[in-house]
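# Report on the structure
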Amino acid sequence: MRAAVLHEIGQDKLEVLDDVEAVGFGPGRVRIRVRATGLCHSDLSAMSGVLPQPAPFVPGHEGAGEILEVGEGVRHLKAGDRVVVCWLPACGSCPACKRGQTELCLAGFMNAGTPNFKRPGGDVFGFAGTGTFTEEVVVDAGCAVPIPDDVPFDIAALIGCGVTTGLGAALNTADLEAGSSVAVIGCGGVGISVIQGARLQGAAEIVAVDPVPSRREAALRFGATQAVSPDELPDAKQQITAGEGFDHVFEVVGKSATARTAYDNTRRGGTLVVVGAGAMDDFLQLNMFELFFDEKRILPSLYGGGDVLRSYERTIALWRAGRIDLAGLITHRVPFADVNEALDQMRTGTALRTCIEM
């Protein structure tokens, strides 16, 4: 079967091969035919080494498809079921799950060190224990979440990561109240989803901050009240908050420099929500006096900061009701053979989300 493979960390191109085999099928596992997958910035971060991932590997973790085969003991799925791939499944029995913090369950991460594929040259891993840049993938049954028949595969793929992450940051993590002022730094697919979540919560002012003009224009269509370049943020802060700072600032880039900017633009007593996934050697510097004196809350948000299955259901309900726009997030579509074109669209900021059609 075909799969897009990164041979070594640091390479910027994938090779589409037709000699890859999905492995690991057995009890408690399922085989999925991938029908659509989105490209998330985390895939690029894994390719560059910002996020740890053994290589060679198949990128992709934002996918949807249909079940081809279920292993022994799998009761909630059958061949033909439509599913979204969940890269962070909850085991239900670890301390984090028992506390109700299922997004902190490490069961899914344990899969990242086990090869999902093989080819004549040896084992191949799947990013985040999945790997959706492929025609078929074998995963734990908990990674395959059933979806209703009316949810298209491309929409379902977005729910698998970017939309759940962004909406959840606003709806779960931030405790964002109606009438509040918000700034969102980084307005790709995840940042736009944060904006939609802030709009749902009734934020009065939502400032989108991004260096790419097309993304700023898109942010306005999705609910931002103002869109500015990073250089224009100080003026927006002065205009909207009289210099005090925003009630909630979302950092959706994953870099210490933008996190520091986000902190500086949060009002005293306000909330900085860290959504972007950054590198282990990139340190955010804060002094102890400002931490104490400003009483700003710093809240990381992993995968939307809430129960993943509940978040999926909520997203589908909001989409059905017309409260959020998911189709509009897909600005580009490419066939699987042109996966490297999708990488370029993400790197340049041309796309909010590119759907790779399998």
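Residues numbered from 1 in each chain as written. Predicted model: local features only at pLDDT ≥ 70, side-chain atom pairs only at ≥ 80, totals over all residues. Heavy atoms only, no water.

The chain has the name S-(Hydroxymethyl)glutathione dehydrogenase/alcohol dehydrogenase in an unreviewed UniProt entry, where Streptomyces collinus is given as its organism. Recorded under Cofactor (unreviewed entry), the UniProt text for the chain is reproduced unchanged: "Zn(2+)". We quote the UniProt Sequence similarities (unreviewed entry) comment for the chain here in full: "Belongs to the zinc-containing alcohol dehydrogenase family." (UniProt positions renumbered as here; feature names shortened; annotations may be inferred.)

### A look at the packing of helix α5 (residues 162-173) against helix α11 (residues 308-320)
Running from N to C, α5 and α11 cross one another at 95 degrees; their axes reach a closest spacing of 10 Å. In terms of their interaxial angle, α5 and α11 are classed as roughly perpendicular. When α5 is examined against α11, the residues Val163, Thr164, Leu167, Gly168, Leu171 and Asn172 are found in contact with a partner set consisting of Ser311, Tyr312, Arg314, Thr315 and Leu318. For the contact of α5 with α11, the residue count by class is five nonpolar, five polar and one charged. (Axes fitted to C-alpha atoms, helices over the stretch in contact; angles between N-to-C directions. Helix = DSSP H or I, 4+ residues; strand = E, 2+ residues; numbered from the N terminus. Parallel < 35°, antiparallel > 145°, perpendicular 65-115°, else oblique. Contact = heavy atoms within 4.5 Å. Nonpolar A, V, L, I, M, F, W, Y, C, P; charged D, E, K, R; others polar.)

### So, a nonpolar patch on the surface
Residues Leu106, Phe109 and Met110 make up a contiguous nonpolar surface patch of roughly 320 Å² in combined accessible area. Tracing the sequence through the fold places Phe109 in helix α3 (residues 107-110). (Patch = residues over 30% accessible without salt bridge, like charges linked within 9 Å, V, L, I, M, F, W, Y side chains within 5 Å. Areas by Shrake-Rupley, 256 points an atom, 1.4 Å probe, with all protein chains shown as cover. Salt bridge = Lys/Arg side-chain N within 4 Å of Asp/Glu carboxyl O.)

### Points about the packing of aromatic side chains
With the rule as written, the count across this model stands at three aromatic pairs. With centroids separated by 6.2 Å and ring planes inclined at 50 degrees, the aromatic side chains of Phe57 and Phe127 adopt a geometry described as tilted. Of this pair, Phe57 sits in strand β5 (residues 57-58) while Phe127 sits in the loop between β9 (122-126) and β10 (136-140), placing them 70 residues apart in sequence. The class for Phe127 is buried, based on a relative accessible area of 7%. Ring centres 5.1 Å apart and planes at 15 degrees place the aromatic pair Phe289 and Phe293 in the stacked group. Placement of the pair is Phe289 and Phe293 together in helix α10 (residues 288-294), with a separation of four residues, close to one helical turn. (Phe/Tyr/Trp six-rings, centres within 6.5 Å; stacked < 30°, edge-to-face > 60°. Buried < 20%, exposed > 50% of the residue type's maximum accessible area, 1.4 Å probe, protein only.)

### Side note on the sheet that holds strand β17 (residues 297-300)
In space, the six strands of this open sheet follow the order β14-β13-β12-β15-β16-β17, with parallel pairing throughout. Of all strands in the sheet, those with a lone pairing partner are β14 (226-228) and β17, marking the two edges. For this sheet, the mean inter-axis angle between neighbouring strands, taken without regard to orientation, is 20 degrees. Note: strand β13 (residues 205-209) against β14, three bridges, orientation parallel. When the bridges of β14 are listed, Ala208 appears paired with Ala227. (Pairing = 2+ DSSP bridges.)

### What to know about the nonpolar core
Val30, Ile32, Phe133, Ile195 and Phe250 are the most contacted members of the largest nonpolar core, which totals 98 residues. Setting aside anything within four residues of it in sequence, one finds Ile32 in contact with Gly65, Glu66, Ile67, Leu68, Val83, Val85, Glu135, Glu136, Val137, Val139 and Ala144. Listed in part, the 12 residues of the second largest apolar core include Ala183, Val209, Val228 and Leu233. (Core = buried A, V, L, I, M, F, W, Y, C linked by side-chain atoms within 4.5 Å.)

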